[in-house]
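In case you want the letters, here they are:
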Amino acid sequence: MTALDLRGPARERGFMLPDTSALGASDREAAIGTWLGRMVNEHISARVFAALVPQLMAAGVEHDDLARVAGMIGEELSHGVMCGAVVEALGGEAFAPLPALDAVPTHADAGPVEAALRNLLSICCLSETVAVALITAEAERTPVPELAEVLRVILADEVGHARFGWRLLGPLLERLDAESPEGRERLGGYLIGAFRHLREHELAHLPPRPAPSPEAERYGVCDGNEARALFFDTVETVIVPGLAAHGLPARVAWERSLA
Ligand SMILES: [Fe+2]
Ligand SMILES: [Fe+2]
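Residues numbered from 1 in each chain as written. Chains lettered and ligands numbered in written order. Predicted model: local features only at pLDDT ≥ 70, side-chain atom pairs only at ≥ 80, totals over all residues. Heavy atoms only, no water.

**A look at the overall build of the protein**
And then number 1: When you go through the protein residue by residue, the secondary structure sums to nine helices and two strands.
And then number 2: Listing every helix and strand of the protein by position from the N terminus yields β-α-α-α-β-α-α-α-α-α-α.
And then number 3: On C-alpha atoms alone, the protein measures out to a radius of gyration of 19 Å, which is about the 18 Å that the 2.2 N^0.38 rule sets for 259 residues.
And then number 4: C-alpha extents for the protein along the principal axes are approximately 60 × 35 × 35 Å.
And then number 5: Excluding contacts between residues fewer than 6 apart, the proportion of contacts in the protein whose partners are at least 24 apart in sequence is 79%.
And then number 6: Of the roughly 11,900 Å² of accessible surface on the protein, a fraction of 57% belongs to carbon and sulfur atoms. (Helix = DSSP H or I, 4+ residues; strand = E, 2+ residues; numbered from the N terminus. Rg over C-alpha atoms; globule rule 2.2 N^0.38 Å. Contact = heavy atoms within 4.5 Å. Areas by Shrake-Rupley, 256 points an atom, 1.4 Å probe, with all protein chains shown as cover.)

The structure is reproduced here in structure tokens:
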């Protein structure tokens, strides 16, 4: 088994929480499990941006934007350490099995602009936009200022990751139009699978049950039912209309992904 060991960098942060002695053993375990899960997810999301760099490069995206994506790799790695520091402050260890890493698709069946658009849609416009909604809700809810601050720092980066995709979408779509009049329609077909994958991935991390206790919720164990509702709301009222405004058949794609 390969392990993700962030104990060293997490402890170096010296992150402290105020007295957590009111947290019972099972609530503490749930809170540690939540932040360990976040640690792993944040850490492995770095590889997605690493894969995006050569893909955007091949699509002729300019230097400053490539440098921004390169910066996002470090931001995700740092989010992993921040979550690991919370684990340690809760009395756990920033050490977890590393899951099997899915390959980031290269979309060799598409030209460079269309291939880059597919991953930009999936990573920034879908996943990162959902992350912004979920983390915003978490940051507003937690009454522990130290945790709210961690979430706000992560959130600021996720907002940048999502905005980056939405900003680049227009110019890349215009280039795709010049290459292929059916390009947007084909991306609509791609979005069916991308939405399905997004939903499966997000719901796998949001169990359909309320937080075990108010005390666990204070420390970040979220109400899975509320988070699931927020996920569907974000797709239906933010992502689908946003993509439709760019001339992509996103409503049909979302509905087909549910079939
Ligand atoms: Fe992140
Ligand atoms: Fe991110």
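**Comments concerning the side chain of Asp157**
And then number 1: Assignment of secondary structure puts Asp157 in helix α5 (residues 145–179).
And then number 2: Here Asp157 is buried and forms no salt bridge, its nearest opposite-charge partner Arg13 lying at an N-O distance of 8.8 Å.
And then number 3: Engagement of the side chain of Asp157 in a polar contact is seen with the side chain of His79, the distance being 2.7 Å. (Buried < 20%, exposed > 50% of the residue type's maximum accessible area, 1.4 Å probe, protein only. Lys, Arg positive; Asp, Glu negative; His and termini not counted. Salt bridge = Lys/Arg side-chain N within 4 Å of Asp/Glu carboxyl O. Polar contact = N/O pair within 3.5 Å; in protein donor to acceptor, adjacent residues only side chain to side chain.)

**So, the pattern of salt bridges**
Side chains carrying opposite charge are able to pair once their charged atoms draw close together.
And then number 1: With the rule as written, the count across this model stands at 14 salt bridges.
And then number 2: The closest approach of N and O atoms between Arg118 and Glu114, which form a salt bridge, is 3.9 Å. With Arg118 and Glu114 both in helix α4 (residues 112–141) and four residues apart, this pair spans about one turn of that helix.
And then number 3: Glu226 is paired through a salt bridge with Arg141; the nearest N and O atoms lie 2.9 Å apart. On the criterion of sequence distance, the pair formed by Glu226 in helix α8 (residues 224–245) and Arg141 in helix α4 is long-range, its members being 85 residues apart.
And then number 4: A relative accessible area of 42% means that Glu226 is categorised as partly exposed.
And then number 5: Beyond isolated ion pairs, a larger network of salt bridges with shared partners links Asp5, Arg7, Arg11, Glu88 and Glu93.

**Brief notes about the coordination of the iron ion (ligand 1)**
And then number 1: Within the first shell, the iron ion (ligand 1) binds the protein through Glu42 (OE), Glu76 (OE), His79 (ND1) and Glu158 (OE), at distances of 2.0 to 2.3 Å.
And then number 2: In this structure, the iron ion (ligand 1) is surrounded by four donor atoms whose angles at the metal cover 92 to 146°, and the resulting shape is irregular.
And then number 3: Along the chain, the residues that donate to the iron ion (ligand 1) are spaced as E-x33-E-x2-H-x78-E.
And then number 4: Between the iron ion (ligand 1) and the iron ion (ligand 2), both coordinated by Glu76, there is a metal-metal distance of 3.5 Å. (Donors = N, O, S within 2.8 Å, 3.2 Å for Na, K, Ca; no water. Tetrahedral: all angles 85-135°; square planar, octahedral: opposite > 155°, others 65-115°.)

**Let's talk about the packing of aromatic side chains**
And then number 1: Counted under the stated rule, the structure contains three aromatic pairs.
And then number 2: Between Phe195 and Trp254, the ring centres sit 5.3 Å apart and the planes meet at 75°, which makes this aromatic pair edge-to-face. Placement of the pair is Phe195 in helix α6 (residues 183–205) and Trp254 in helix α9 (residues 250–258), with a sequence separation of 59 residues.
And then number 3: Overall, Phe195 belongs to the buried group, its relative accessible area being 0%.
And then number 4: A centroid spacing of 5.1 Å and a plane angle of 70° characterise the contact between Phe231 and Phe232, whose relative ring orientation is edge-to-face.
And then number 5: Residue Phe231 is classed as buried on the basis of its relative accessible area, which comes to 0%.
And then number 6: Classification of Phe232 as partly exposed rests on a relative accessible area of 26%. (Phe/Tyr/Trp six-rings, centres within 6.5 Å; stacked < 30°, edge-to-face > 60°.)

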